[in-house]
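Breakdown of the fold
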Amino acid sequence: MDGTWIGGITDKMVRTPLAYGMDFEDVRFKAMDGCTLAAWYIPAKDKSSKKLAIVGHQSWACANKSGCVTHLRHGWATVLAIDYVKLHKVLYDAGYHVLAYDLRNHGDSEKRLPAGFGEIEYMDAVGVIDWVNSHAVLKNCKVAMLPFCVSGVSFFKANALYPEKFKNVFAWVTTNLFHGPGTFCNRPYLFGMGNKKLLDKAFEENQAWYEKQGMLKSSKDIKMSTEKVSAKPYAPMVKQPVLWCDTMHDILDYHEKLTPEVFAEFGKGLPEDLKKKNEMYFIGPSQPKPFTTRTRNRSEGYNFYQSEEGSKVMLGFLFFISPSSAAMDSPAFEPMKEGTQVLDQAREVAVEQVVCPICFEALSDLPNQVGALSFEGHRVETALYHRECVLNPLTRRLIFESSTGRAVSPLTRQQVDNFKLMPSLTESEAWVDFVDWNCDGHLDIQEVCFTVAALLPVDEAYARKFVLRVMNLPEDSEEKHELDKQEVIHTLLPQIRRQLRRLVATPRPRPPQICRNSKQDELVAWFQFWDSKKQGCLDTATLTLAVVSTFHTALARSADAATKDAVAHTFLMELGLRETDTVTESQFMEKMARGAGDGWGNCA
């Protein structure tokens, strides 16, 4: 409680956001008891972003909002270097505003004793959230909380006492939380104690001394004890999803016992479908990827979230439960947001073009990932998707599941609850049953050709010719011409398997990539690629797919899906697209020559 870490390394900034190319503001505000706190406010690249990440650091180690250098505590306990600014950069690159603050007695914040393992520092947390809620931009943001160790306990306590202040929080990411009885008493070699009664008495006497000196106001909300210096009593009041990654076999704490014990308290009393959104993973040298770390030092817990693998875990978790990923959050996607009509149109055409309606890449690019959305074990629509476009790679849950646990198809708005992978061609009966998605007992040519084209690097037209030839049918067979299931099993599938190597070796034509500065012949080649019927014009739907697909590919990982969709929507509007329009090649070239669609930027 006497803050033995104050001064020296604790006050020194390892680096500032400028080291990673981020502009920032040094800000000051008051904690609940008037203690002055220091923070960095790092505005997002997109100043209109509605996402904020609040990052808090640990105590006991000589750290602050920037991290720390490698050092010894008490002359023997090694604390490896921590780089919080790199974590800020990960969040900044993901489109978040970032607020990183110094706990009292750390960094640039005021030195005010006593310290309290979160039991006192909750007043800092209240000051932080009050500043956010009064900020002109940040008060309208959805907030991801990333408080660790003491700052974690501080925020969980503040949330328990003042839940109304945390109404904009949608997720928590944490590490190295503690539970007093286990941390202080069950590991006596750490603090030289082991008697809970003696420790509680010492806490009580020290708190009374600080109150007598006028350094701490007597309050019913502050009672230093082994039970209270803990995340455990406050965890049940956390109603948002929690991601907790903790170091296995950290010599300074008993994480393998205490972490599951405290984790079980988060969301206690919530329905199971909501509580299951919480995720806990151990990290360490012997843990499987992506949870492998170099050492088992407790600092790995702090550095994990900004590592190459750990950042994917964190951002994947936030994406899964983020409001920005839930354009489908309401039961029927109502009301539809501006620009989603354009995206919906592109998705519908993508299905016809044998393209994944989420990433807008050819389904056959990843044939082992092709499958369909299902409900209670049955497919709900004809559309096919790439598995990793609809399932969170870590949780295996649908990425567009709403906050109520309900998910609907982005195409048909039908309720879905899982993803059904397409069976292998060697599983003939299962493959045919998969193709017969509506279970009507019939296979029409269109259903079969579409599914074949999803497996092979060919378009739907080529797949149709192949199927008709193998099935000995005339080329003018109607799309609704029914195929016999047994004939498909015994004639078509064996022929596909025999010719698979040759078919897979056939390169699928790729759309040219263009940008605002593309030359005329490049623009013509792009237009003619999408004009597959060689009619000299593109209808509204096909042009929409062409533009959306181009931006998704060109921007790749430099922008999230929402940004790509917004850019495509802006370009199409500037192009003068209307519902009944068809755009000729000459009209398209004229628009591009005039500089329409500045959204192309310099995309490669």
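Please refer to the structure higher up on the page.
Residues numbered from 1 in each chain as written. Predicted model: local features only at pLDDT ≥ 70, side-chain atom pairs only at ≥ 80, totals over all residues. Heavy atoms only, no water.

Let us now look at the sheet that holds strand S9 (residues 142-147). Judged by pairing direction, the sheet is mixed, and its eight strands sit side by side in the order S1-S2-S8-S3-S9-S10-S11-S12 without closing on themselves. Edge positions in the sheet fall to strand S1 (25-30) and strand S12 (279-283), since each has one partner strand and no second. Between one strand axis and the next, the sheet turns through 20° on average, direction left out of account. Pairing of strand S11 (residues 242-247) with S12 involves five bridges; the strand directions are parallel. Considered in S12, the bridge of Cys-245 is made with Tyr-281. (Pairing = 2+ DSSP bridges. Helix = DSSP H or I, 4+ residues; strand = E, 2+ residues; numbered from the N terminus. Axes fitted to C-alpha atoms, helices over the stretch in contact; angles between N-to-C directions.)

Considering all chains together, one arrives at 21 salt bridges under this definition. For Lys-228, the salt bridge identified is with Glu-119, shortest N-O distance 3.4 Å. Of this pair, Lys-228 sits in the loop between helix H6 (196-212) and S11 while Glu-119 sits in the loop between strand S8 (97-101) and helix H2 (122-133), placing them 109 residues apart in sequence. With relative accessibility at 23%, the residue Lys-228 sits in the partly exposed group. Two residues, Glu-265 and Lys-268, come together in a salt bridge whose shortest N-O distance is 3.2 Å. Of the residues examined, Glu-265 reaches a relative accessible area of 14% and is grouped as buried. Connected via shared salt-bridge partners are Asp-33, Arg-104, Glu-110, Arg-112 and Asp-124. (Salt bridge = Lys/Arg side-chain N within 4 Å of Asp/Glu carboxyl O. Buried < 20%, exposed > 50% of the residue type's maximum accessible area, 1.4 Å probe, protein only.)

Let us look at the nonpolar core. With 99 residues, the main nonpolar core has Leu-91, Leu-146, Phe-266, Met-314 and Leu-318 as its most contacted residues. Ranked by the residues each element gives to this core, the list is headed by H2, at eight residues. Among all residues touching Met-314, those that are not within four sequence positions of it are Leu-87, Val-90, Leu-91, Leu-146, Val-173, Leu-243 and Tyr-305. Of all hydrophobic cores here, the second largest spans 50 residues; its members include Val-351, Leu-363, Cys-389 and Val-432. (Core = buried A, V, L, I, M, F, W, Y, C linked by side-chain atoms within 4.5 Å. Contact = heavy atoms within 4.5 Å.)

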